[in-house]
Structures are given as C-alpha cells and as structure tokens.
Amino acid sequence: MNDIVLEARGIVKRYGHVTAVAGADFDLRAGEILAVIGDNGAGKSSLIKVLSGDVVPDAGEVLLDGKPVHFKSPHDAQLAGIETVYQDLAMAPALDIATNLFLGREIRRKGPLGSVLRMLDVKEMRAQSRQQMDALGITTLQSITQPVDSLSGGQRQTVAVARAAAFGRRVVIMDEPTAALGVRESKGVLDLIRRIRDTGIPVVLISHDMPAVFEVADRIHIHRLGRRACVVRPGDHEMNEVVGIMTGALPPPAAAEAS
Amino acid sequence: MSESVQTAGAKAAGVPDTSGTRAVTVVDRVFRNPVLGPLAALVLACVVFSLLTDNFFSVNNFSLILQQSVVVGTLALGQTIIILTGGIDLANGAIMVLGTLVIAKIAADSLNLQLPALFVGLLVCAALGAVSGLIVSRLGLPPFIVTLGLLTILQAASRLYTKETVVVEPGPLTFLSSGTYLFGYFRITLGVVVVLLSVAVLHYALTRTAWGRHVYAVGNNELAAKRTGINTKRVLMSVYVLAGVLYALAALQAFGRSPATSPNAFPTANLDTITAVVIGGTSLFGGRGTVLGSYLGALIVLVLQSGLTQAGIDPLYQNIVTGILVIAAVALDTVTRKKAR
Amino acid sequence: MNVTKRTARTLAAAAVLLAVPTALAGCSDTQTGGTTGGGEGEAVKIGLVTKTDSNPYFVSMRDAATAAAEAGGAELVARAGTADGDNDSQVAAVENLIAAGVKAILITPNDSTAIVPTLEAAQAQGIFVAALDTPTDGNKGVDATWATDNTLAGEQQGAYVKAALAGKPPVLAMLDLQPGVTVGDQRHAGFLKGMGLTDDSPEIAGRQDTNGDQAKGQTAMENLLQTNGQINAVYTINEPAAIGAATALSNAGRTADVVVGSIDGGCAGVTAVKNGQIAATVMQFPSKMAEEGVKAALAFAADGTKPTVPATGYIDTGVQLVTDKPLEGLPSEDTAWGLENCWGSAS
Ligand SMILES: Nc1ncnc2c1ncn2[C@@H]1O[C@H](COP(=O)(O)OP(=O)(O)O)[C@@H](O)[C@H]1O
Ligand SMILES: [Mg+2]
C-alpha cells in the first residue's frame, strides 16, 4: 500500500561552500498535514525549494506518486500540481490581487478575442478570485482590485495562501506562512490549511510555532543540520521532547520513523 | 469604486484602485492614473504657447509636431517595455541607425531591393535586440552595462560599415512620408498613423494580455515572477526582441522623415527616449508605467521645442524645462512608490 | 524696443513654463497668464540653425547674427542641433522655423546631404536659405553659402610649418578630425599641399583622429611621440587639438624643437600662439559669415534680391595667418591683431 505522494531521497544542496541540505530524505503522505520544524538555518527552506522546483538539487532524487521528477523551475512543479507559499513572498506588488492570483495562468476570453487577440477575461478572473476568497473564508480583503502593495503583511500572506490553495492539485507547501501574522490571522491560515487537507490535498507546513504545529499536524518532520533527524507523531511526544530533538539536546527516538 | 473591465489592465499596471478608505482627491487621481500627469503637462504647455505666440496654435503646427514625433516616439516604445522590466536600453538609437545604414546600403542599387533591404534591416535590429536579451536574461548582466557596451560597439561598427551619408530613392522605404489632408487642411502622414497605431497596439498588449502582465510582474520582482510560474527569461527575451523590432520600425520611420542616413545620425536618441519615458510617468525601477505616457513625453519635448522657436526664446530654456520635468516626474514616481509601501 | 519685448517674452514664457512641473505634481488649477505675442507690425524673423549650441565658434556666429539682425530691425531666432552630426534635430529646427514664419534660414548643416530635402522644402515656401561655414552637398537647397576656403587654410598652415622647419627634413605628425568629414579632408589635403607632400610621403610619421578635441589631441600626440621620437612638425585640425598636442609636447620636454601649426582663430587658440604653444594658426571668420548672411537675408526680405555666388559655389569669407614669428614670403598678422579679431573668449 503506497500512499506516499511526494518523496525525496538523499537531497544535497550547496550554496558555495555552505551545504544547506546534506542528504535529506522526505516523505509526504496522502491526505496529511506534515509539519517540518527545525532551527534557523537547518535547511528547511532549501529542502522545500527543491521540492517546488525553485532550486535544482546537487544530488538526490524527488519522486511524485512514486515516479522520479526533475523540476527545472517552479513552473514545472506547478504543472505537476505542486503549489508553494514561499517564506519571502512571491508577488508582484504593483499588480492587483486578482492579477496576482492568476499570474502565470491567466484566463483568456472565449472565441477569437482570446485565441487571436489574446485578450484576457478580466471579469472572469475577478469573479473566480472573489469566489476563492469566499470559499476560503477570507474576509479581510476589501477589494479584489486592490494592488498588493496596499495590503498589510498578513493580507499578502493570505493572498499567497489562497493562490496556493486555489491551484494546488497534488500538494500545497507553505514555508512559515504565519510568521508575520497576528493571532487572529494565524488562526485563519491554520483553518485554511485544515480545509485544504480536508479536500484531500496533503499540506507541508514549515513553522516555528510549536503549539500550532501540535494542533494541526498529523506528523512532524524534524530537520537538523541539513537532514531529517526523524519523523514523530504529535500524540506520541511532548512538545519539549520535540524541541529537544530539534536542537540536538535529545537524541532522536529509536523507532524514529513513525508509521 | 469602478470595476470596469476596460480599465483593468491600466489599473493593474500602474496603479491602485483603493476602495473608499480615503476621500478621492484630485491629487489622488493624478497619483493613480499615470497618464494624467504627462497629459496635463502637455495640455498646459500647448495652452501656454498658444497664448504666448501667434503661430503655435495652428492646425499646421500640430500636424508638424506629430510628424516630428515618429522616430523618437517609436524608439521610446521599445525603451518603455525594456524599462518596465527594470532594464534600460542605451543602444536603441545605435541599433536603429545601423538598421538604417544596412537598409540604405542594400537598397542603394535598385528600387526593387528596398523591400528585401527592409526585411534584412528588421532582422538586424531584432537580432541585436536578441543579443541584449540573451545576455541580460541568460547571463543576468545588468542591462545598463550590456547596452552601454553594445552602444559603443555599434557606433564603431556603423562607422566601419560606412562613413558617408547614404540616401535612399523615393519608394517603399520613404512610403511613410506620404500623407493626406484630413478635413481639408490637417496634414496627416502615414508615419503619424503608424506611430499612433504602434502606441495603441502596444498599449493593448501590455494591458489586456497575459504577456503584458508578465512584463509588469518581471519588472516588479523578477524572482517573485519566476516563482509564480512565469518563464521570466522568455519574457525578458521577448521584450528585447520586440524592442529590436520596434527599432526597425523606427528606422523605417526615419526614412519617412528623411531619405538620408549616416552613422552620425540620432546621437542622443537613447537619452531622448529615456527622457520621454520618464516624463511619461514610467518608473525607472520597473514594473510601473505606460507606453501612452512615453509617447506623450516625447510630444511634450517637441511642443517645448516648437513653442520656444515660435516665441523666439533661446533653445537652452527647452533643456532647462525638460530637465525640470524629468526630475518632477521621478519625484512623483518616488512619492508614489513610497505611498505604496 | 525689440530687445525689451524679447526679454519680456522670454521672462513670461520661462515663468509660465516653470509652472508646468508644479501642475504635473498635482496642482489642480491651470495657470494661465503671460502676454500674448504682439500682433501688429512684426519684425522680420530670420532663423539661424547652428551645428550645436555649445561650441564657441557657433556662439560667436550666433552673437554676430543677432547683432546684425537687430541693427537691421529684424529678429533673429537661433536654434541648434543636439550634437555634431545629428541631422534629425536640425530638420525639426528648420521645420519649426518655417512654422514660425521666418523669411530666411541660415544654417551650418550637420549632415550636408541629409539636410537638403528639408532646405528645399523651405525654399519652396519662398524662404531664403543660406549655408554658413559648411556647404551642403553640391550646394543644393541653398541660395548662397558663406564659408572658409578650408583647403587654402590648410595650405597656409602647411606653408608656414614647412618654412619654420628652415630646410630640416620634416618628420610629421598629423592630428586629423575623423574620417569622412569634408572639412577634415580639405584641411588635411591643403596642409600636405602647402608642405609639398602627399599622403604617401615617408615624411609622415603617423596620424590619429582627434575629433577636434583637446583631450584626444593630447592622447594622440603622446602616442605618436611614443612611436616616433624624431617628430618635429605637427599638423592639427583645429586649435583644441593643437593645445592638446602642445601639452603632450611640453610634458615630453619637446616644445622647443617641434613646430605646431593649426587652424581656427579662436581666442583661446590665438592666446596659445601668443604663449608659444602653437607656432602659427590660420584664422577663419564665423562672425563675418553670420553678418553677411544676415545682410543678404535682410536684402531678400526687403526686395527679393539674392546675392551672386562665384563659380566656386561659395562666398569666401577669407583666412588670415596669425603668428608672432613672421616668416619670409608668408603675409601674417601678430597675436595682438589676432586677439582683437578672434572669436570666442580667451579664458
Ligand atoms: N540563496 C542562498 N545563497 C547562499 N546561502 C544560502 C542561500 N539560501 C540558503 N542559504 C544558506 O543555507 C543554509 C540553510 O538555509 P535555509 O534553507 O533558509 O534554512 P531554514 O529555512 O531552515 O532557516 C543557511 O546557512 C543559509 O544561509
Ligand atoms: Mg526558512
């Protein structure tokens, strides 16, 4: 029974003489929320950038549904159904929310207007954007035609999450999506993550917020010194044990690979 | 709050459509519609010169100013799309001039060679655009340096190619100079029609197509654009090649203005177009601006030139006013971006 | 009265134009104001289009034209190309002058060939067109041309340098303008004629382009001295190049035994002759070109007469050898005379 959706084996990524990822493994199962935790600089972002096609690894392989994939750009990963919310956001600030939501996959008008003149269906994209925001219960945005640079950090984060949720067909990855958010906004994003999981799409959540991780995660991938130290279930371990493993104060549990 | 589909692109491109949080003032409107500033300056300059001189406000003179705008106006369109991606093109005039020389030399022998010559010129200009595009997008070198190098090379190459003024025969190459009188007395040349069409088509492409949005997105934040799934290298490439094609069109426009060309022609076209683009409200930091504004910017400079001639005022005042406009426009852009932060 | 009206207009226009950026920055009200141009009894307008508006040569031309026009009760409208060689800006300037209703256009063409159709269009509208300093191709598109005989100017420089060598075999450095520019070619050829040499003569130690620029002239001279230390004679296209060459020679300690000749008659150049940096220069007379051009324009405006042009195709405004070391058989003036008749300012 193979329910592993996204898998990585022996990933290595170096930046000059810094080895950000040193032979890391990774497994994401169908329908789960997998939290990835680790100290700053442990290589979490670098690992998920490999999974999302943003960087090409120096060694190791990535498998989607058991088949090897070689993402050369985020676009490749998106085509495969993997959507990512980056820690440092990916948006065009001067463009409006709806435009940002559909950036890179714009909808064209039907008929010759679209096929010959390549005219965009702005109305449709806005309607769908509004629908998506409603569906995700996002209420803090005033208008879908606001430019992104007029939004607060939390609002931008929400837009990025909404975009990932809207287009992620196989996997949604979020790199510290709540880091810049207030309590209420954080809770909104966590709800959103659960809702995405409930639609059957597995979510990778990188976060430093331990209570949140313990609240939503099905499993916790603990990253240390560029590789996976172990994977645990929130129910099996106390929060301070997990933090101990993360910082190296405690050894990883013997039966590390939770099944 | 308006949500008309028609203006969507322009809004997305330049400018906020902030919903009801602040009272909408005239100042806000100027800040929000990037074309209003240059338009106001243009109208104001026209009004001033019409009051100040006897001959400025005449159908004939306006027709003339439009005709004078065709070359720099077309070059400015290429400059605009490059600046929108956060780049700059110092070689645009040099590319166009080499294009005119290649065309003129090939067409020197026979009228029948004019169309093939034009085609070769188009290829040369597009290829030179592609060279900048390749170096900028693949090697990631700064456009300022790349095009400065290209400018230096092309100036020398043009002089090695020919040292003389080359004249083409009246024919397909000078076709754009032909014109007709609208309403009996407003002379409009084909060149003017073509430049206006070029502005319109490019405006459409930038505001109503996915390509246009990607151009703005790349200029806003190239890494972010890449992460949203845009093939940023291809967008950059397409912009530089299209700019090259526009420079070839400018070469044709130049023949419409004067059948003669030389390696010394249009020595300041690069700065003239940057001036027009900046006065037109496009941000030198990329990601914000319009081609319409750039064309208005080119017109403003010409109106100053014409008006000051009519008034018999020292042409150096034109430079002073132009300089002030450039600084004012950049100040406006800076304020806009600060407000946006 | 003309002067005051023009000044008033200038001030009014400048004031209102300065309001433009303010409006751009968001001022809502349109500013109107200034005076409307006076209607009755407009003075005759004469347009002058120089190559650039920075070169002192053209500045003196323009000042002389302005003075001559005012003396004749006319108004001079001065325009300029944006850069040497730029035809397009001169085309626009001519078009704008036509639109402004000038009776005559005087021009120093940046491109002798390319400007012709535009000038012909002006002529077709009944405007008197004259070239100053630089003729158009085949003298097309103009009613008259006032210019220096550049070949003769070069020849006088050559004859002087030859005589100053006093029988020593010349080892010649040539600081040219740039390839393909007529003025440069004519002076170069004239100089060789005056020296009794040809382009193939072994006496020519080397040549470099200077664009008529002082810094480039210095670099060129430095390079030529490196290649041949025996150089004892220097041809220069103009005085800035000559002053650059003199600096290089002085740095190399060679001032005393090298003869530098030049052409132009700018006040800085004449001063350089006085200081011994340049042995002799051949003066040309831009203000005379401008004055005669304006006079002809006024005559044309008054009764339609056009000047008669000699068979050479242009009216020669003359040249004058200027040196403080006169030589046998070469009529010259000294630098005292030169400083009184030079163009530009000496500083
Ligand atoms: N683009 C980069 N260039 C150079 N070094 C980088 C780059 N990205 C990450 N690193 C380095 O790689 C290591 C891991 O970084 P990162 O993956 O961001 O860790 P985390 O997300 O766990 O904090 C750090 O030492 C970081 O400085
Ligand atoms: Mg990180």
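Residues numbered from 1 in each chain as written. Chains lettered and ligands numbered in written order. Predicted model: local features only at pLDDT ≥ 70, side-chain atom pairs only at ≥ 80, totals over all residues. Heavy atoms only, no water.

Moving on, we come to the overall build of chain C. Counting secondary structure elements, chain C contains 11 helices and 12 strands. Put simply, 72% of the contacts in chain C that link residues at least 6 apart link residues at least 24 apart. As displayed, chain C offers around 13900 Å² of accessible surface, 51% of which is attributable to carbon and sulfur atoms. (Helix = DSSP H or I, 4+ residues; strand = E, 2+ residues; numbered from the N terminus. Contact = heavy atoms within 4.5 Å. Areas by Shrake-Rupley, 256 points an atom, 1.4 Å probe, with all protein chains shown as cover.)

Turning to the interface of chain B and chain A, a few remarks are in order. Buried accessible area, meaning the area lost when the parts come together, often serves as the stated size of an interface. Facing 31 residues of chain B, the contacting portion of chain A comprises 37 residues. Of the roughly 3000 Å² buried at the junction of chain B and chain A (both faces included), carbon and sulfur atoms supply 53%. Viewed at the interface, chain A and chain B are joined by 3 salt bridges. A salt bridge links Asp149(A) to Arg288(B), with the nearest nitrogen and oxygen atoms 3.0 Å apart. Linking chain B with chain A are 12 residue pairs in polar contact (both at pLDDT 80 or more), by the criterion used here. Broken down by class, the residue content of the side of chain B that touches chain A amounts to 13 nonpolar, 10 polar and 8 charged. (Buried area = accessible area lost by both parts, 1.4 Å probe. Salt bridge = Lys/Arg side-chain N within 4 Å of Asp/Glu carboxyl O. Polar contact = N/O pair within 3.5 Å; in protein donor to acceptor, adjacent residues only side chain to side chain. Nonpolar A, V, L, I, M, F, W, Y, C, P; charged D, E, K, R; others polar.)

On to the site of ligand 1, then. Residues and elements named next belong to chain A. Around ligand 1, the surrounding shell consists of Tyr15, Val18, Ala20, Asp39, Asn40, Gly41, Ala42, Gly43, Lys44, Ser45 and Ser46. Between ligand 1 and alanine 42, the relevant distance is 3.2 Å, taken from an oxygen atom to a main-chain nitrogen or oxygen of the residue. For ligand 1, an oxygen atom lies 2.5 Å from a polar atom in the side chain of serine 46. Look at ligand 1: alone it shows 560 Å² of surface, and the protein chains cover 60% of it. Of all the secondary structure elements, the ones that give two or more residues to the shell around ligand 1 are β2 (18-29) and α1 (44-51). Here the element with the most residues in the shell around ligand 1 is α1; it accounts for 3 residues. Residue composition of the shell around ligand 1, by class: 4 nonpolar, 5 polar and 2 charged. (Near = heavy atom within 4 Å.)

A word on the sheet that holds strand β8 (residues 233-236) of chain C. Two pairing modes exist for strands in a sheet, parallel and antiparallel, and in both the strands are linked by backbone hydrogen bonds. Residue and element names in this part refer to chain C. The strand order across the open sheet formed by 6 strands is β7-β6-β8-β9-β10-β12, and the pairing between neighbours is mixed. In this open sheet, the two edge strands, each paired with only one partner strand, are β7 (204-209) and β12 (320-322). Neighbour to neighbour, the strand axes of the sheet diverge by 15 degrees on average, direction disregarded. Here 4 bridges tie strand β9 (residues 259-264) to strand β10 (residues 280-283), and the two strands are oriented parallel to one another. In the sheet register, serine 262 faces β10, and the bridge partner there is threonine 281. Along the sheet, helix α7 (residues 214-227) contacts β6 (172-176), β7 and β8; its crossing angle with β6, the most-contacted strand, is approximately 155 degrees. (Pairing = 2+ DSSP bridges. Axes fitted to C-alpha atoms, helices over the stretch in contact; angles between N-to-C directions.)

Our next topic: the nonpolar core. Counting residues in hydrophobic clusters, the biggest one holds 86 residues, and the most contacted among them are Ile95(B), Met96(B), Phe266(B) and Val303(B). Counting residues in each nonpolar core, the second largest holds 39 residues, with Leu120(A), Val161(A), Ala162(A) and Val189(A) among its members. (Core = buried A, V, L, I, M, F, W, Y, C linked by side-chain atoms within 4.5 Å. Buried < 20%, exposed > 50% of the residue type's maximum accessible area, 1.4 Å probe, protein only.)

Bringing the sheet that holds strand β5 (residues 67-69) of chain A into the picture now. Residues and elements named next belong to chain A. Across the sheet, 4 strands lie side by side as β2-β1-β4-β5; this open sheet has antiparallel pairing. Among the strands making up the open sheet, the edge pair consists of β2 and β5. In this sheet, neighbouring strand axes are inclined to one another by 25 degrees on average, regardless of whether the strands run parallel or antiparallel. Where strand β4 (residues 59-64) meets β5, 3 bridges bridge the pair, whose relative direction is antiparallel. Across the sheet, the residue bridging to leucine 63 is proline 68, located in β5.

Six octahedral donors around a metal ideally make angles of 90 or 180 degrees; four tetrahedral donors ideally make 109.5 degrees. All names here are of chain A. Here the magnesium ion (ligand 2) is held by Ser45 (OG) and Gln87 (OE1), and the distances to it run 2.0 to 2.3 Å. Placement of serine 45 in helix α1 and of glutamine 87 in the loop between β6 (82-85) and α3 (97-101) is noted, with a sequence separation of 42 residues between them. By relative accessible area, glutamine 87 is classed as partly exposed at 39%. (Donors = N, O, S within 2.8 Å, 3.2 Å for Na, K, Ca; no water.)

Okay, empty space enclosed by the protein next. Scanning the entire structure with this criterion turns up 7 cavities of 30 Å³ or more. A volume near 160 Å³ is recorded for the second largest cavity. Lining the second largest cavity are 16 residues; nearest its centre among them are Ala254(B), Ser258(B), Ala260(B), Phe266(B) and Asn87(C). Looking at the lining of the second largest cavity, the elements that each hand over two or more residues are α6 (92-107), α12 (232-257) and β4 (260-261) of chain B together with α3 (87-99) of chain C. (1 Å grid on protein atoms, 1.4 Å probe; cavity = no way out; pocket = protein on both sides within 12 Å on 5 of 7 lines; lining within 4 Å. Points joined across faces, edges and corners; volume = space filled by probe spheres on them.)

This brings us to the pairing of β6(C). Successive residues of a regular strand alternate their side chains across the two faces of the sheet. All names here are of chain C. Buried residues dominate β6, accounting for 5 of its 5 residues. Bridge count between β6 and β7: 5 bridges; the pairing is parallel. Along β7, the bridge assignment pairs alanine 173 with glycine 206. Taking the sense of rotation as the criterion, the β-α-β connection linking β6, helix α6 (residues 182-195) and β7 turns out right-handed. (Right-handed = clockwise from strand over helix to strand, strands pointing away.)

Residues and elements named next belong to chain C. Chain-level statistics for chain C give a pLDDT mean of 88 and a share of 88% at 70 or above. Predicted confidence for residues 14-40 stays below pLDDT 50, and this span has 45 contacts to residues more than four positions away or in other chains. Both confidence scores are given for the complex: pTM 0.85, ipTM 0.89. (pLDDT = per-residue confidence, 0-100.)

Residues and elements named next belong to chain C. All chains considered together, the criterion is met by 1 disulfide over all chains. Between cysteine 267 and cysteine 342 runs a disulfide, and the two sulfur atoms are separated by 1.9 Å. Linking cysteine 267 and cysteine 342, the disulfide has an S-S dihedral of approximately 90 degrees and is accordingly described as right-handed. Here cysteine 267, found in helix α9 (residues 267-274), pairs with cysteine 342, found in the segment after α11 (335-341); they are 75 residues apart in sequence, far enough to count as distant. (Disulfide = S-S within 2.5 Å.)

Next up on the list: unusual backbone geometry. Residue and element names in this part refer to chain A. Phi at aspartate 65 is positive, roughly 50 degrees, even though this residue is not glycine. When you line up the elements, aspartate 65 lands in the loop between β4 and β5. Here aspartate 65 falls in the partly exposed class, since its relative accessible area comes to 37%. Although it is not a glycine, leucine 225 sits at a positive phi angle of roughly 50 degrees. Mapped onto the elements, leucine 225 comes out in the loop between β9 (219-224) and β10 (227-232).

Here we take up the packing of α6(B) against α12(B). A pair of packed helices is captured by two measures, namely the crossing angle of their axes and the spacing between those axes. Residues and elements named next belong to chain B. Remark: α6 packs on α12, axes separated minimally by 8 Å, with the N-to-C direction vectors making an angle of 60 degrees. Relative to α12, α6 is oriented oblique. The hand of the α6/α12 crossing is right-handed. Between α6 and α12, the contacting residues are Asn92, Ile95, Met96, Thr100, Ile103 and Ala104 on the first element and Tyr247, Ala250, Ala251, Ala254 and Phe255 on the second. Grouping the amino acids of the contact of α6 with α12 by side-chain chemistry returns 9 nonpolar, 2 polar and no charged. (Parallel < 35°, antiparallel > 145°, perpendicular 65-115°, else oblique. Left-handed = near helix turned anticlockwise from the far one by under 90°.)

Before going further, it helps to examine α12(B). Between its first and last C-alpha, α12(B) extends 37 Å over 26 residues, near the 38 Å set by a 1.5 Å rise per residue. Most of α12(B) is tucked away, with 19 of its 26 residues classed as buried. (Expected span 1.5 Å × (residues − 1).)

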